[in-house]
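# Structural overview
One letter stands for each residue in the lines below.
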Amino acid sequence: MTTRDEAKVRTAREAIGRLAGDFWSIYADQIDLRIAPDHAHSYTTSRCEERLVVEASTAANLVAGLTSYLETHGYGHFGRNGAWSRVPHSLELPGAAVHGDSRCRYRYVNNFTVAGYTSPYWQWTDWEREIDIWASAGINLALVTTGAEALWLDLLMRFGYSEHEALSWIALPGHQPWQWLGNLTGNGDGTSRELVEKRAEMGARILDRLDELGIEAALPGFCGNVPEDFAQRNPGCDIKSQGQWRGFDRPAWLDPRSDAFAAAAAAYYESQKQRFGLRRCQATDILHEGGNDDYPLGVAASAITQAMRQHHPDYLWITQAWQNNPRDAVLSSIDTSHVLILDLKGTQWHRRDWHGAAWAWSILPNYGGRLGLFGALPAVADFPALVDNPGAEDLRGTAYMAEGTDTNPVLWSMFADASWSAAPIDVTGWVADYAKRRYGQDHPRARQAWLGLLSTVYRSQHGMPGGADSILTAVPSLDAAASSPAAPHYLPYPAEALEVAWRDLLAARNALGDVDAFHHDLVDVTRQVFSNRARTLLPLLKTAYASADARRFSSLRYQFLELFEVLEPVLATRAEFMLGTWIEKARTLASTSEEADTLEREARTLVTNWGTTREQHDWLRGYANREWAGLISTLYRPRWEAYLDSLAVSLDSGQPAETIDFFAFTKRWIDELRPVAASPIGDPIAAARAAHHALPYFEGLP
C-alpha cells in the first residue's frame, strides 16, 4: 500500500471511529479497509477468512461501503443532526461479496441556503459530524460557502474600499447565502474582520477534511456582483443596478464585457486560491430570482466561464435550474461540457433544452428549514429508473438541495440509498427496514408507526417544498392558514391518520426508551400532531367570534393557547428543538459581547421577521419559522394571546378589535434579547405521554 493509500485508509478509519464509537473500538481489527483504484464510484464488501473487507477508491467511499454493510447486515444507523448513531452489538460477516455501484458521476450536497438556515454559526464539532455523515452517504461533491466573505473583503480592499467599507457591505453569516446568490448586500452594521478571518479559517479546515476524504468542494464563483458605488471607486467601469429582491437592495452587476470584470474576477480567484487552494468547481447563478437582464447574457456567460477557465483549465460551473435559469442565451454561448446543472425540484429536465450540459436530479424537500414532517419518499425511491429514461441521457448526478438540512432525516437516508441503487427501491419494505435499523430492533408498533408516516407525511410531494407549515408560528389571524407566504394552506393528508401513527410510536416506548433516535422521532411526531390540531381549532374560533358567542370563544381561546403550553415542555427535552441551541451557537461565534448581541439579533430575525424592514417582513415573514422551545413560550404564544385577547375585548365591548402591529411586536422581542434556556430538560417519553393525555381535552378531531 502506498503512503497516499495509507493516508486514505487512516482518514476513513478515523471517520468511522467517530461515527461508530464503541463498535469500532471493538471490531476495528476485524475490518480491513483497502484502496481499490478501479472502484471510482463503487465499493465492495466481502469476507476474507474471519475479516470483513471493504474496498473503494476514496476514503469517503470506504466509509459509505462500511455504512451500507452495517445498515443491511447489522442494522446499524448513522443519523443526521445529532447523536443518533446506532451500531450493532456484533459483527456479522457476509456470506458473499456485496458490490455497491453508483451510476451517478456526482453525488452533490448543499443548497446555498443551508449556510443560512442550518449551519451559519457552526463550530468544528458540528462540521466534523456533518462531513462524516456526507462520507457515510458516499457524497463526492459538496458546496462550501463558509469563509467566502474573506474573498470579498480581499477583492474590495484591492479595488479601492477601506476595510470598514468592505466589511459594511458584507452580510452577517446567517444572511450571506443570499448575498452570494446576488439577492442582497450587508443588512445593518455588516460584519467584523475578526469574524471574517475566523470563518475563513473554518472554511479552510472544512476543505482540508473534504480533501482527505476525497470529497470535491464547490465554492461560490464570481459572476460580477459588486457594490453599487464600485464604478466611483474604479473610474471607467460600467455597472448595472439590479434593483431589489424582497425589499433588499441587490448588488450591482459589473459589466462582464469590460476589462474591469476580467480584473475583478482574476483577483477573486487569486484570493480563493491563496486562502482555500486551487478549486475547479465554482457555483454561481446569473440573475437569481430576478434582476436587470438587459445585458447580453451570452456575452456575460462567456466572460464568467473565461475567468473560471483562467483559474482552472478543467473548471466546472455549477448552476441551478430555478425559475428561468439557466437561460437559453447563457447555455447557447458557452462550452456546456464544463457545466453541471442542478435541477432543484427534479422537474425541469424533461421540458428544458440544456444544450448537452450535464445535470443532477435534485430534491428540494423544504423551504427555510421549516420543521414540518413532509417528503416524497416514493419519488426518491423511483429515482434509479430515471437513469435509464431515454430523455435523460445527460443525467450525471444527484443533488440533495434542502434549504435546511436538520429536518426529516428519513429523506436523507432514502436519498443516499437511491443514489447508489441499481433499481427502484421497494419503498414499503425500505421504510419498515429503516425503522428496524434506526431503533435496533424490529418492533411491530414502531414498524407500523413508520408505515403510517409513509402513508401520510411521506407519501407524495404535494404543494410547495416542505408542505404546510404551522399556524402556531403564524402572524395571528382568524384566517391564518400558513406561517410563511411560501407555504400551502392545507395538509395533504388526514390529520387523524397521523395521530394513529403517533400512538403506534408511543406504544413502542418501553422497548425503545433508551434509543436516542426514538426520542427525537417521538418529539418530532408529537410536534406535528399539535401543529395539525391547531388547524382544527382556529376555524372553530373564527365561527364563535363571527357569531358573537363570547362564552364559546373563551373556551376555545383557552384550548388554543393550551396547545402552546403542552407543546413547549415536549420540545424542551431535545436540543435540536430549542431556540437556545440556535442562539448559543450564534453567540459562541462572536469575539466580543457586542458582536454576540449582533449575531443573536440576526439569529432571532432569520427565523421570525427574516428582515429588518416592514417591506422585507411582508415578503419573507415566517419563511424560516421554527416550532422550537423558547420561541413557542416567549414569542408565539404571547403573540396569539395578545391577538385573541383583543378579540375577546371586542366581543365584550361591541367595538372593533385593537389592531396589533406584529412586525413591531416581533421586532421588540428580537431586540430585547430575552434569555432562553439552551440545555434540554425533562424526559421526551414522559413529555410526549403527557401531551397524549392532554389531547382529548382539545376540540376538533375525535
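Scroll up for the structure.
The rules behind these values
Residues numbered from 1 in each chain as written. Predicted model: local features only at pLDDT ≥ 70, side-chain atom pairs only at ≥ 80, totals over all residues. Heavy atoms only, no water. Helix = DSSP H or I, 4+ residues; strand = E, 2+ residues; numbered from the N terminus. Rg over C-alpha atoms; globule rule 2.2 N^0.38 Å. Buried < 20%, exposed > 50% of the residue type's maximum accessible area, 1.4 Å probe, protein only. Contact = heavy atoms within 4.5 Å. Pairing = 2+ DSSP bridges. Lys, Arg positive; Asp, Glu negative; His and termini not counted. Salt bridge = Lys/Arg side-chain N within 4 Å of Asp/Glu carboxyl O. Polar contact = N/O pair within 3.5 Å; in protein donor to acceptor, adjacent residues only side chain to side chain. Expected span 1.5 Å × (residues − 1). Axes fitted to C-alpha atoms, helices over the stretch in contact; angles between N-to-C directions. Phe/Tyr/Trp six-rings, centres within 6.5 Å; stacked < 30°, edge-to-face > 60°. Lys NZ or Arg CZ within 6 Å of the ring centre and 35° of its normal.

Another point: the overall build of the chain. A tally of regular secondary structure across the chain gives 28 helices and 17 strands. Taken over C-alpha atoms, the radius of gyration comes to 26 Å for the chain, in line with the 27 Å a tight globule of 702 residues would show. Its C-alpha atoms give the chain principal-axis dimensions of about 75 × 75 × 50 Å. Considering the chain as a whole, with its 702 residues, one finds that 62% of them fall into the buried category. Summarising the internal contacts of the chain: among those between residues at least 6 apart in sequence, 74% fall at separations of at least 24.

Right, let's talk about the pairing of strand E14 (residues 316–321) for a bit. For E14, a buried count of six out of six residues is recorded, marking the element as mostly surrounded by other parts of the structure. Of the strand pairs in this sheet, strand E13 (residues 281–283) and E14 are connected by three bridges, and their pairing is parallel. The residue of E14 that forms the bridge with Cys281 is Leu316. Relative to strand E15 (residues 339–343), E14 runs parallel, the two sharing five bridges. Among the inter-strand pairings, Trp317 is bridged to a residue of E15, identified as Val339.

This part is about the side chain of Arg639. Relative to the elements of secondary structure, Arg639 occurs in helix H26 (residues 631–653). Buried charge Arg639 goes without a salt bridge, the closest partner of opposite sign being Asp661 at 9.6 Å. Among the polar contacts made by the side chain of Arg639, one reaches the main-chain carbonyl oxygen of Ala474 at a distance of 3.4 Å. Among all residues touching Arg639, those that are not within four sequence positions of it are Thr473, Ala474, Val475, Pro476, Phe662, Phe665 and Thr666.

Pairing is antiparallel across the open sheet formed by three strands, whose spatial order is E8-E12-E9. The sheet terminates laterally at strand E8 (225–226) and strand E9 (239–240), the two strands that pair on one side only. One ladder, built from two bridges, connects E8 with strand E12 (residues 252–254); its direction is antiparallel. Paired with Asn225 across the strands is Trp253, a residue of E12.

Here we come to the pairing of strand E7 (residues 216–220). Most of E7 sits out of view: four of its five residues are buried. Alignment of E7 against E13, held across three bridges, turns out to be parallel. Counterpart to Leu219 in the pairing with E13 is Gln282.

Take helix H24 (residues 593–606) next. The end-to-end C-alpha distance of H24 is 20 Å, a good match for the 20 Å that 14 residues give at a rise of 1.5 Å each. Taken residue by residue, H24 has Glu595, Ala596, Leu599, Glu600, Glu602, Ala603, Arg604, Thr605 and Leu606 as its buried positions. Tucked into the core, H24 has its buried residues touching helix H4 (114–117), helix H8 (176–180), helix H9 (193–213), helix H23 (579–588) and helix H27 (662–672).

Backbone hydrogen bonds hold the strands of a sheet together, and the pairing may be parallel or antiparallel. Pairing is mixed in the open sheet, where four strands are placed in the order E1-E3-E2-E4. Across the chains shown, the open sheet's two edge strands, defined by having one partner strand only, are strand E1 (31–35) and strand E4 (98–101). Across this sheet, the average inter-strand angle for adjacent strands is 15°, counted without regard to direction.

What follows is about unusual backbone geometry. Of note, the bond from Asn325 into Pro326 is cis; its omega dihedral lies within 30 degrees of zero at -10°. Position of Pro326 among the secondary structure elements: in the loop between E14 and helix H13 (328–331). Unlike most non-glycine residues, Glu289 shows phi in positive territory, near 55°. Checked against the element boundaries, Glu289 lands in the loop between E13 and helix H12 (297–311). If you check the backbone angles, His355 has positive phi at about 50° while not being a glycine. By secondary structure assignment, the location of His355 is in the loop between E15 and strand E16 (358–363). The exposure class assigned to His355 is partly exposed, which follows from its relative accessible area of 28%.

Turning our attention to the packing of aromatic side chains. Counted according to the given criterion, the structure contains 40 aromatic pairs. Measuring from ring centre to ring centre gives 5.5 Å for Trp152 and Trp169, while their planes differ by 55°; the resulting arrangement is tilted. Taken together, the residues span a long stretch of sequence, with Trp152 in helix H6 (residues 149–158) and Trp169 in helix H7 (residues 163–169) at a distance of 17 residues. Here the two residues Trp152 and Trp169 agree in accessibility, since each one is buried. Taking the centre distance of 5.4 Å and the plane angle of 40° together, the rings of Trp253 and Tyr295 count as tilted. Taken together, the residues Trp253 in strand E12 and Tyr295 in the loop between E13 and H12 connect sequence positions 42 residues apart. On the basis of relative accessibility, which here comes to 4%, the residue Trp253 falls in the buried class. Directly above the ring of Tyr161 sits Arg233, whose terminal nitrogen or CZ lies 4.4 Å from the centroid. The positively charged end of Arg604 is found above the aromatic ring belonging to Trp669, 4.6 Å away from the centroid.

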